[in-house]
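# Descriptive structure summary
Chain by chain, the residues:
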Amino acid sequence: MEERKKILVTGGAGYIGSHAVVELYQAGFEPVIVDNFVNSQESALDGVAAILEKKIACYRLDCADYNAFRQVFEQEKNIEGVIHFAAYKAVGESVTEPLKYYHNNVGSLVVLLQLMEEYRIPNLVFSSSCTVYGIPDQLPVTEATPVKKAASPYGNTKQICEDILSDLAKSGTGSISTIALRYFNPVGAHISARIGELPLGVPNNLVPFITQTAAGIREKLTVFGNDYDTPDGSNIRDYVHVVDLAKAHVKALDRLMSGANQPLEIYNIGTGQGSSVLEVIETFERVTGQKLNYIIGNRREGDVPEIYASVTKATEELGFKTELSLEDALKSAWNWQCQLQKNQLTA
Ligand code: NAD
Ligand code: WQD
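Residue numbers here run from 1 along each chain, matching the order of that chain's written sequence. The order in which chains are written sets their letters, starting at A; the order in which ligands are written sets their numbers, starting at 1. Given that the model is predicted, a residue must reach a pLDDT of at least 70 before its local features are reported, and side-chain atom pairs must reach 80 or more before they are shown or counted; all residues, however, enter totals for whole chains, interfaces and linings. With hydrogens and water stripped out, all remaining heavy atoms of the structure feed into the side-chain values.

## Quick word on the site of ligand 1
One heavy atom within 4 Å of a molecule or strand is enough for the residue carrying it to be called near that molecule or strand. If you check the shell around ligand 1, you find 27 residues, and the closest are Asp35, Asn39, Ser40, Asn104 and Tyr154. We define a polar contact as two N or O atoms separated by no more than 3.5 Å, with the added condition that, inside protein, one atom must be a possible hydrogen donor and the other a possible acceptor, whereas residues neighbouring each other in sequence contribute only through side-chain atom pairs. Take Asp62: an N or O atom from its side chain is 2.9 Å from a nitrogen atom of ligand 1. Lys158 is positioned with one of its side-chain polar atoms (N or O) 2.9 Å from an oxygen atom of ligand 1. Note on areas: these come from Shrake-Rupley sampling with a 1.4 Å probe, and a residue is covered only by the protein chains present in the view. Notes on ligand 1: free accessible area 810 Å², of which the protein chains cover 95%. Strands are runs of DSSP state E lasting at least 2 residues, helices are runs of H or I lasting at least 4, and numbering of each runs from the N terminus. A per-element tally of the shell around ligand 1 places strand β5 (residues 123-129) first, with three residues. Here the shell around ligand 1 is composed, by residue class, of 14 nonpolar, nine polar and four charged. We call Asp, Glu, Lys and Arg charged. Ala, Val, Leu, Ile, Met, Phe, Trp, Tyr, Cys and Pro are nonpolar, and the rest, Gly among them, are polar.

In C-alpha cells:
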C-alpha cells in the first residue's frame, strides 16, 4: 500500500479544520493537527476519531510561538504540506482588540512560513476569506475582482497574509508554493453529526444563531435589516456546505503536489449562488420542520448587502464542485445542534 502523505493542519480542531482532517484522511493523506484550543474543544477530536475510527495526532500549542511550533517540525519527519486554518475570526472582536488579531493571524503565518522554509516544506494551503472583497462593485465576484480596503482588522489580517504570500512568491527565493482559498460563508456539519460548528459563547454567524434559537438556547433571531436593495430586502451571501469546502482543500493539495501550479494561486470557494437571510430562514424551517422565532431589526454595521462567488476558476483548475445543497447544510446543522443538546456539550 502506498504510504500516506503527511499534512500538518493548523487549527485542525476548529470548525472547518476538523471537517478538512476527515476529508484528508479519507482521501489517503495523514493529517497531523496543531491547535491550541483557543476557539475549539478537545471533543472535536473525539468526533473526528469516531468518524474515522482512528485517532489523529494532535499537538497542543500556539502556532505564533516559534520555539514551540518548531518542535513539531523537529519531531514529524516528511511533512509534505501544511493547511493553515489557525486564526481568530470574530470580526467585531477584531475592532475592539486589533492587536490580538494581528499578533495571532499575521504572526502565526510568518512563523509558519519561516519554519516551512527552514524545514523545506514545499506546499501550503491558506485560509483566506471573501471579506477581502469588501462591498464589491460587480457580482459574482471573481478572483480578479479588486480587493477593497478592509472594513475590519480581521479582514485586514487576511489581506496582509495574502500580501505576505504574494511577496514571498515574487521574491523568487522562496521554496514554498501556496494556494489561498477565499471561503465564502461555510455552513452545516458532517453528516454523521459527530463534528460541526462549536461557537464559544453567543454565535456571531447566522446559521449557529438560527440553530441555537430553534433549540431554545436563544430567545429569538434578529434579521439585520430588510431594507437593502435586494429582492426581499435582506442581505445575500454565498453559503457553502463545510464538507464541500473541506474537500476543496484536498483538491488544492492535489494541485500543489502535481506541480501544475504557480507559486501563489488564489481561488474563490463558494457555490456560485446567493441566498438571502430570509431565504435561509425559510429553508431552515422547511427542511427541519422547526418554527423559528425571528424579528426584523436594524442593519448591522459593516454588513455587505450582497456577495456571492464565481467559482469558475476553482471548477476549471482545481476540479472543485459542490455536491451538497443549502437544504443539506441546514439539515446537517440542525442534526448537529440536536446532537450537542443530547450530549450536553456546551456550545
Ligand atoms: P475556528 O475558530 O473554528 O477554527 C480555528 C482553529 O484554530 C481553532 O481550533 C483555534 O483553537 C485554532 N487556533 C487559533 N489560533 C491558533 C494558534 N495561534 N495556534 C494554534 N491554534 C490556533 O474557525 P474556522 O471557522 O474553522 O476558520 C478556519 C479558518 O478559516 C480561519 O483562518 C478563518 O479566518 C477562515 N475563515 C473562516 C470563515 C468562517 O466563516 N468560518 C470564513 C472565511 C475564512
Ligand atoms: C450572514 C448574514 C448578516 C446573524 C462573516 C465575516 C466574514 C466571513 C464569514 C471569515 C449577514 C445576517 C447574521 C444574525 C442576521 N468570515 N445575520 N442575524 O457577515 O457574511 O461574514 O463570516 O472570514 O469575514 O464577516 O456572516 O454569518 O455573520 O452573517 O441577520 O443574528 O446573516 O447580516 O447578512 P458574514 P454572518
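## Topic: the environment of Gly81
Structurally, the position occupied by Gly81 is in strand β4 (residues 79-84). Residues Gly81 and Arg182, spaced 101 residues apart in sequence, show a C-alpha to C-alpha distance of 19 Å. If sequence neighbours within four positions are ignored, Gly81 has contacts with Lys6, Ile7, Leu8, Ile121 and Asn123. Contacts are residue-level and defined by heavy atoms, with any inter-residue pair within 4.5 Å sufficient.

## Here's the deal with the packing of aromatic side chains
Two aromatic rings from Phe, Tyr or Trp, using only the six-membered ring of Trp, form a pair when their centres are within 6.5 Å; if the ring planes differ by under 30 degrees the pair is stacked, by over 60 it is edge-to-face, and anything between is tilted. Tallied over the entire structure, the rule returns five aromatic pairs. An aromatic cluster is present here, built from Phe69, Phe73 and Tyr119 joined pairwise through their rings. Of note, Lys100 hangs over the ring of Tyr88, and the distance from its end group to the ring centre comes to 4.8 Å. Between the NZ or CZ atom of Lys313 and the centre of the ring of Tyr267, over which it lies, the distance is 4.8 Å. Ring-over charges, as used throughout, are those where CZ of Arg or NZ of Lys falls within 6 Å of the ring centre and within 35 degrees of the ring normal.

## A look at the nonpolar core
To define a nonpolar core, start from buried Ala, Val, Leu, Ile, Met, Phe, Trp, Tyr and Cys residues and group those joined through side-chain atoms within 4.5 Å. Only protein chains enter the accessibility calculation, which uses a 1.4 Å probe. A residue is then buried if its area is under 20% of the maximum for its type, exposed if over 50%, and partly exposed in between. Core analysis: the biggest nonpolar cluster contains 39 residues, and Leu24, Leu181, Leu253, Ile269 and Leu318 have the highest contact counts within it. Taken together, the elements giving at least two residues each to this core come down to β1 (5-10), α1 (15-26), β2 (29-35), α2 (43-52), β6 (177-183), α8 (242-258), β11 (264-269) and α10 (312-318).

## A word on α1
Take the number of residues in a helix, subtract one, and multiply by 1.5 Å to get its expected span. Here α1 spans 18 Å end to end across 12 residues, near enough to the 16 Å set by a 1.5 Å rise per residue. For α1, the tally of buried residues reaches 11 of 12 residues, placing the bulk of the element in the interior. Taken together, the buried positions of α1 are occupied by Tyr15, Ile16, Gly17, Ser18, His19, Ala20, Val21, Val22, Glu23, Leu24 and Tyr25. A positive backbone phi angle near 100° is found at Gly28, which sits one or two residues after α1.

## Observations concerning the packing of α1 against α8
Every axis in this analysis is a line fitted to C-alpha atoms, fitted for helices over the stretch in contact. Angles between the N-to-C directions lie between 0 and 180 degrees. Where α1 contacts α8, the axes come no closer than 8 Å and their chain directions differ by 60°. When the axes of α1 and α8 are compared, the pair comes out oblique. The way α1 lies across α8 gives a crossing that is right-handed. Every residue of α8 that contacts α1 at Tyr15, Ile16, His19, Ala20, Glu23 and Leu24 is listed here: Val242, Val243, Leu245, Ala246, Lys247, His249, Val250 and Leu253. Tallied by class, residues from the contact of α1 with α8 come to 10 nonpolar, two polar and two charged. With respect to orientation, any angle under 35 degrees is reported as roughly parallel, any angle over 145 as roughly antiparallel, any angle of 65 to 115 as roughly perpendicular, and every other angle as oblique. It is the rotation of the near helix from the far one that decides the hand of a crossing: anticlockwise by less than a right angle makes it left-handed, clockwise makes it right-handed.

## Observations concerning the pattern of salt bridges
One side-chain nitrogen of Lys or Arg within 4 Å of one carboxyl oxygen of Asp or Glu is enough to make a salt bridge. Applying the stated criterion across every chain, the model contains 16 salt bridges. The partner of Glu118 in a salt bridge is Arg70, with the nearest N and O atoms 2.9 Å apart. With Glu118 in helix α5 (residues 98-118) and Arg70 in helix α3 (residues 66-75), this residue pair connects regions lying 48 residues apart in the sequence. Residue classification places Glu118 among the partly exposed positions, given a relative accessible area of 38%. Looking at Arg70, the relative accessible area reads 27%, which means it is partly exposed. Lys89 is the partner of Glu197 in a salt bridge, and the nearest nitrogen-oxygen pair spans 4.0 Å. With Glu197 in the loop between β7 (185-187) and α7 (206-214) and Lys89 in the loop between β4 and α4 (91-96), this pair connects stretches of sequence that are 108 residues apart.

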